[in-house]
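Secondary and tertiary structure notes
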Amino acid sequence: MAMRMIKNRVPLLAVALASAALLAACGGDKGDKASQTAAKVNKEEITVHQINFVLQRQQGLKPEQAEAASRQVLERLIDQELAVQKAEELKLDRDPRVVQQVEAAKREIIARAYAERVGEGVAKPTAEEIAKYYADKPALFKDRRIYSLQELNIEAKPEQFEAVRAKLSSAKNVGEFVEFLKANDFRFTGNQAVRAAEQLPLAGLDSISKMKDGDSAVSRTPNGLAVIFLAGSRSQPIDEARAKPYIEAFLLNQRKAEALQKDIKALRDSSKIEYVGKFAEAAASAPAAASAPAAVPAVPEASDAASGALDANSISKGMGLK
């Protein structure tokens, strides 16, 4: 879930403090430009500020590692500066493809800055809201489990589905079902993984949490069927006190995303947007497509939903939280 998000911010704060100490050691408080120079590459300078910027983006870096890391970063920046200077000498910075990439990166950075500004005005979730989320998601917290999952993706035609389902229901174990697939010349691929509850897609977690060890679930895919076996599981609950900071971060990020989506919609409604050429034709046939929300997982067929099925790629996708 959002657990990794909070954990990553703690070392970032530590690195920021270490970076500030590094800056001060280089004379940052004196405002002397020369003291901010870490190296000179021909006529260009690499500054301590550039090094600190890179350090603050490195997750998991401990304060005591900052000095050694700063030297490594400096060497990389020197190599980068040499490459930039040579590229400019070759006039690669004027190459249309390079210019396009630079502009695209610039637009993305500015748009991200705006998104962050919108998020700054979002209120943090209350203690009551956090407690409610904890209570409403027992599979994530109070009844949290670690799942050992096996997945088979089977190429099959619609007329073969019933036979596959019937064998899945009667098979005593995965091995017997696999032998059936081989004997009947079904093409399939398989994989297995151990996933904690928060690493599974939220849309399918409630269904899979109701499965018992040895149970299976089946769902349709574009090429046939996907079968998931719960080979085993173990209980590993998380109490509310421990879960609180993770829930708070998750709900806050969710609110920021909703606020941004609402803001962008308002901007669209108040702006004149005109599609041209073939895009005008596409917009006319699907006027709401451009502002449609992010795609949600496909809903399994009724019989699959009842059996706790997940879509074909659910196991590897996780919750989508970073």
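A brief look at the structure comes next. Nothing here was measured: the structure is a model prediction, and the numbers come from that model. (Residues numbered from 1 in each chain as written. Predicted model: local features only at pLDDT ≥ 70, side-chain atom pairs only at ≥ 80, totals over all residues. Heavy atoms only, no water.)

What follows deals with the pairing of strand β5 (residues 216-221). Note: β5 against strand β6 (residues 224-235), six bridges, orientation antiparallel. Residue pairing across strands places S216 opposite F229, the latter belonging to β6. Between β5 and β6, which pair antiparallel in sequence order, lie two residues. (Pairing = 2+ DSSP bridges. Helix = DSSP H or I, 4+ residues; strand = E, 2+ residues; numbered from the N terminus.)

Another aspect to go through is the nonpolar core. Counting 21 residues, the largest nonpolar core has Y133, F141, Y147, L149, L205 and I247 as its most contacted members. Of all elements in the fold, only α5 (127-136), β3 (145-155), α8 (202-209), β6 and α9 (240-269) reach the threshold of two or more residues within this core. Among the elements that take part in this core, α9 stands out by supplying four residues, more than any other. One finds L152, A171, L181 and L225 within the second-largest nonpolar core, a separate group that totals 16 residues. (Core = buried A, V, L, I, M, F, W, Y, C linked by side-chain atoms within 4.5 Å. Buried < 20%, exposed > 50% of the residue type's maximum accessible area, 1.4 Å probe, protein only.)

This brings us to the pattern of salt bridges. Applying the stated criterion across every chain, the model contains eleven salt bridges. For the salt bridge of K86 with E89, the shortest nitrogen-to-oxygen distance reads 3.3 Å. Of this pair, K86 and E89 both sit in helix α3 (residues 66-89), three residues apart, which is roughly one turn of that helix. Judged by its relative accessible area of 43%, K86 is partly exposed. A salt bridge links K167 to E176; its shortest N-O distance comes to 3.1 Å. (Salt bridge = Lys/Arg side-chain N within 4 Å of Asp/Glu carboxyl O.)

A few words now on unusual backbone geometry. Despite not being glycine, K91 has its phi angle at roughly 60°, a positive value. Within the secondary structure, K91 is located in the loop between α3 and α4 (96-120). On the basis of relative accessibility, which here comes to 48%, the residue K91 falls in the partly exposed class. Unusually for a residue other than glycine, D185 sits at a positive phi of about 60°. Positionally, D185 belongs in the loop between α7 (174-183) and β4 (188-196). For D185, a relative accessible area of 69% corresponds to the exposed category.

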